[in-house]
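Given next are the chains, with one letter for each unit.
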Amino acid sequence: MDAKFAGKTFRSRAWFGKRDKDGFIHRSWLGRTLPLDAFDGRPIIGICNTWSELTPCNAHFRVIAEHVKRGVWEAGAVPFEFPVTSLGETSVRPTAMLWRNLVSMDVEESIRANPIDGVVLLCGCDKTTPALIMGAASCDVPAIVVSGGSMLNGKYRGETIGVSHIWKFAEDVKAGRMTEQELVDAEPCMSRSTGTCAVMGTANTMAIVVDALGLGLPRNAEIPAVDSRRYALAHEAGRRIVDMVAEDVRISKILTREAFENAIRVNGAVGGSTNAVIHLLAMAGRVGVPLSLDDWDRLGREVPTLANIMPSGTYMMEDFYYAGGLLPIMRTLGEHGLLHKDALTVSGASQWDTCKDAPTYDAGIVRPWDNPLVAHGGIAVLRGNLVPNGGVLKPSAASPHLMQHRGRAVVFESIEHYKQRINDPALDVDPSCILVLKNCGPKGYPGMAEVGNMGLPPKILQQGIEDMVRISDARMSGTAYGTVVLHASPEAAMGGPLALVRDGDMIALDVEARTLHLEVDDAELACRRKSWKPPVLPVPGGYQQLYVDHVSQADTGADFDFLVGCRGHDIARESH
Ligand code: FES
């Protein structure tokens, strides 16, 4: 056994350390292909894998896991790969967010129930990252994330395309600028390899967040999925997790308040997804770090967006990697007092030691401080009588001319109601109107669907208008864009003020002042509230019933009330 383990007793000894019947059972069953010294006291490393053919973004994770194992063996420990529920964002219905908390339970209980001393989390497609981190955080074992990396740039008729083009293409078809056949022709040109969506969608945002939190090795976020360096990084992660176990570097030592503040600022600097707001609040809740929606506004307000990546910018994640990636952005934040430099990373080095010498290779993609893509790139948190507990807007993806806007509400009671009405030529709507969508929040949908960037009415698109103010209690894909207020809290299905909006009401949005106001007097609102009836939730029972009974609102992370907090990794009693 390696000298670094001398004098240390790891958690897995409770399974393998006894010379009795129970020890026999554990060693004999799990050790059937292993040398006898595999259970001599060295650490056992879990590799938590979200591989699934139904999650094509994570389809290369079996190979990544093999490279992690090489590193674990090399460092003198024993790896065991285990599956957890995977979530393919584009396929899972009604929305992958409904299952994030379920996967986090799967991860937490799998780690705690098994002889695992430390864990490597293989995550990529959107919800797999927060779910795995939330689960590991509730156990507080040493953990390191290996992200899946982004897919290659899409290429269509000579143009580089990424997922954000889908929204544009769909509107081009509605507006008559693109034929349906051209849309079909673009399909195979988009997804050219395994890996996450090629833009700064939620998956890549969460990979960036992982590195900003200190949970990934340098360049973890941006190395493309099929680049050989990702496999080398997986090997290094396998080596490093063993040292982390030996040094007892648990995830709570990484996930500090300073780490979350770094992640919020970095999210602004890369034009990250609004979904990161919900996921970081939920992750902080698991480790007991106080974090609020207002922290997002306060910390992100002065952060310029420096990464010129779609949907806020022009380029793709693959380009971002070649341009230098995240490290020079973190260096720039550090040079301007916007980084907690001493925050610890899983490599053992501080964030500043990791990024302070990082070069930029293309200043058009990784912008310098004095030439940002957007001067104030953080997430704006809005308050007002329409969103008393907050709503969010991503300024870098919004239209400057709509950031201060007053308009007449056109209201949709549900996503089905929206679909029924939006293409109707008789719909009473003009470009100055504000589209309002209800009952798509955590309980109302249920699962808080990504429908907040509802497409514009065809008759508006045909006028050449590309953006209108939209407000909902839904989420929005990180690949989408527009002047969209999301996560309205409390949600309509809970009787939040959003439920009381009617066609023709005037609404005033002022992003600079951080306000969103429904211009209906209090007496009228009280009258409407009296006649309001909660919607019948489309819940068939089972897990979905558990979900609506226990999910919190978006402003606190949409976690289950009974999952908040860390339950540690105590060893349960023997069952034989
Ligand atoms: Fe998997 Fe976008 S659908 S990362």
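Scroll up for the structure.
Worth saying up front: this structure is predicted, and the values here are computed from it rather than measured.

S.K.: Can you help me understand the environment of P218 in this one?
M.R.: For P218, the location among the structural elements is in the loop between α8 (202-213) and α9 (228-247). When the C-alpha positions of P218 and E236 are compared, they lie 11 Å apart, and in sequence the two are 18 residues distant. Those residues in contact with P218, other than ones at most four positions away along the chain, are L233, L327 and T354.

S.K.: How should I be thinking about the nonpolar core in this particular structure?
M.R.: One finds V119, L121, L213, F260, L280 and F320 to be the most contacted residues of the largest nonpolar core, which totals 124 residues. Those residues in contact with V119 that lie beyond four places of it in its chain are G46, C48, F82, I111, A136, V141, P142, A143, I144 and I241. Within the second largest apolar cluster, 28 residues are counted, among which are L402, M403, A409 and A492.

S.K.: Quick question: what am I supposed to make of the sheet that holds strand β12 (residues 484-485) here?
M.R.: Backbone-to-backbone hydrogen bonds join strands into a sheet, with any given pair of strands oriented parallel or antiparallel. With mixed pairing, six strands are arranged side by side in an open sheet as β12-β11-β10-β9-β13-β14. Each edge of the sheet is formed by a strand with only one pairing partner; in this case those strands are β12 and β14 (515-518). Bridge count between strand β9 (residues 404-412) and strand β10 (residues 434-437): four bridges; the pairing is parallel. Residue V411 lies in a different strand from β10, and its bridge partner there is V436.

S.K.: Is there a simple way to think about the packing of helix α11 (residues 257-269) against helix α12 (residues 275-287) in this case?
M.R.: Two quantities define a packed helix pair, namely the angle between the helix axes and the distance between the axes. Between α11 and α12, the least distance of the axes is 11 Å, while the angle of their chain directions is 175 degrees. In terms of their interaxial angle, α11 and α12 are classed as roughly antiparallel. The segment α11 lies against α12, with F260, A263, I264 and N267 engaging A276, L280, M283, A284 and V287. Across the contact of α11 with α12, the residue classes tally to eight nonpolar, one polar and no charged.

S.K.: Any chance you could explain α9 here in plain terms?
M.R.: Spanning 20 residues, α9 covers 29 Å between terminal C-alpha atoms, matching the ideal 28 Å at 1.5 Å per step. Of the residues trailing α9, D248 is marked for its positive phi of about 55 degrees.

S.K.: Help me out: how do you make sense of the side chain of E171 in this one?
M.R.: Tracing the chain through its elements places E171 in helix α6 (residues 164-175). No salt bridge is formed by the buried E171, whose closest oppositely charged neighbour, K174, lies at an N-O distance of 5.0 Å. In contact with E171, other than residues within four places in its own chain, are R177, G455, L456, L461 and E466.

S.K.: Any chance you could explain the packing of aromatic side chains here in plain terms?
M.R.: Geometrically, a pair of aromatic rings is defined through the distance of the ring centres and the angle of the planes. Counted under the stated rule, the structure contains 10 aromatic pairs. Ring plane angle 85 degrees and centroid distance 5.9 Å describe the contact between F5 and F10, whose orientation is recorded as edge-to-face. By relative accessible area, which is 0% here, F5 ends up buried. F10 gets classed as buried once you look at its relative accessible area, which sits at 8%. Between Y547 and F560, the aromatic rings sit 5.5 Å apart at their centres with planes inclined by 75 degrees, giving edge-to-face as the arrangement. Note that Y547 is positioned in helix α20 (residues 542-550) and F560 in the segment after α20, a separation of 13 residues in sequence. The same class applies to Y547 as to F560, namely buried. Aromatic rings pair up to connect W99, Y543, Y547, F560 and F562 into one cluster.

S.K.: Teacher, can you tell me more about the side chain of R265 here?
M.R.: Positionally, R265 belongs in helix α11. Residues in contact with R265, not counting those within four places in the same chain, are L299, V303, L333, L338 and H340.

S.K.: Whenever I open this one, the sheet that holds strand β4 (residues 143-147) confuses me. Can you help?
M.R.: Taken together, four strands build an open sheet; the order of strands is β2-β1-β3-β4 and the sheet is parallel. Where the open sheet ends on each side, the last strands, each with one partner, are β2 (78-83) and β4. The sheet shows a mean angle of 20 degrees between the axes of neighbouring strands, taken without regard to direction. Strand direction decides the pairing type here: strand β3 (residues 118-123) and β4, joined by five bridges, are parallel. Across the sheet, L121 pairs through a bridge with V145, a residue of β4. Where helix α3 (residues 61-74) meets the sheet, it contacts β1 (44-49), β2, β3 and β4, and its direction lies at approximately 160 degrees from that of β2.

S.K.: What's the story with the pattern of salt bridges in this structure? I'm lost.
M.R.: Pairs can form between side chains of opposite charge once their charged atoms are near each other. Per the counting criterion, the structure on display carries 42 salt bridges. E247 is the salt-bridge partner of R240, the closest N and O atoms lying 3.2 Å from each other. Taking the relative accessible area as the measure of exposure, R240 reaches 13% and is therefore buried. A salt bridge links R250 to D248, with the nearest nitrogen and oxygen atoms 3.1 Å apart. By relative accessible area, D248 is classed as partly exposed at 32%. It is possible to trace a salt-bridge network through shared partners that takes in E108, E109, R112, R286, D559 and R567.

S.K.: How do you make sense of the pairing of strand β13 (residues 506-510) when you look at a structure like this?
M.R.: Two faces, one strand: in a regular strand the side chains alternate between the faces of the sheet. Note: β9 against β13, five bridges, orientation antiparallel. Its bridge partner being in β13, R408 is matched across the sheet by M506. Of the strand pairs in this sheet, β13 and β14 are connected by four bridges, and their pairing is antiparallel. Within β14, the residue paired with L509 across the bridge is L516.

Basis of the calculations
All residue numbers refer to positions counted from 1 along the written sequence of the respective chain. Where local features are concerned, this predicted model is filtered to residues with pLDDT of at least 70; where side-chain atom pairs are given and counted, the filter is 80 or more; whole-chain, interface and lining totals use all residues. Only hydrogens and water are removed before side-chain values are computed, so all heavy atoms of the structure are retained for them. Where helices and strands are cited, they refer to DSSP runs of H or I of at least four residues and of E of at least two residues respectively, numbered from the N terminus. Whether two residues are in contact is decided by their heavy atoms, any of which lying within 4.5 Å being enough. The nonpolar core is taken to be a set of buried Ala, Val, Leu, Ile, Met, Phe, Trp, Tyr and Cys residues, with the residues joined through side-chain atoms within 4.5 Å. Only protein chains enter the area calculation, which uses a 1.4 Å probe; residues under 20% of their type maximum are buried, those over 50% are exposed, and those in between are partly exposed. We call two strands paired when DSSP finds no fewer than two bridges between them. Angles shown run from 0 to 180 degrees and are taken between the N-to-C directions of axes, each axis being a line fitted to C-alpha atoms and, for helices, limited to the stretch in contact. Throughout this description, any angle smaller than 35 degrees is read as roughly parallel, any larger than 145 degrees as roughly antiparallel, any in the 65 to 115 degree range as roughly perpendicular, and the remainder as oblique. Gly is placed with the polar residues, together with every amino acid not listed as nonpolar (Ala, Val, Leu, Ile, Met, Phe, Trp, Tyr, Cys and Pro) or charged (Asp, Glu, Lys and Arg). By this rule, a helix spans an expected 1.5 Å times one less than how many residues it contains. Only four residue types enter the charge count: Lys and Arg as positive, Asp and Glu as negative, with His and the chain ends excluded. Each reported salt bridge corresponds to a side-chain nitrogen of Lys or Arg within 4 Å of a carboxyl oxygen of Asp or Glu. Two aromatic rings from Phe, Tyr or Trp, using only the six-membered ring of Trp, form a pair when their centres are within 6.5 Å; if the ring planes differ by under 30 degrees the pair is stacked, by over 60 it is edge-to-face, and anything between is tilted.

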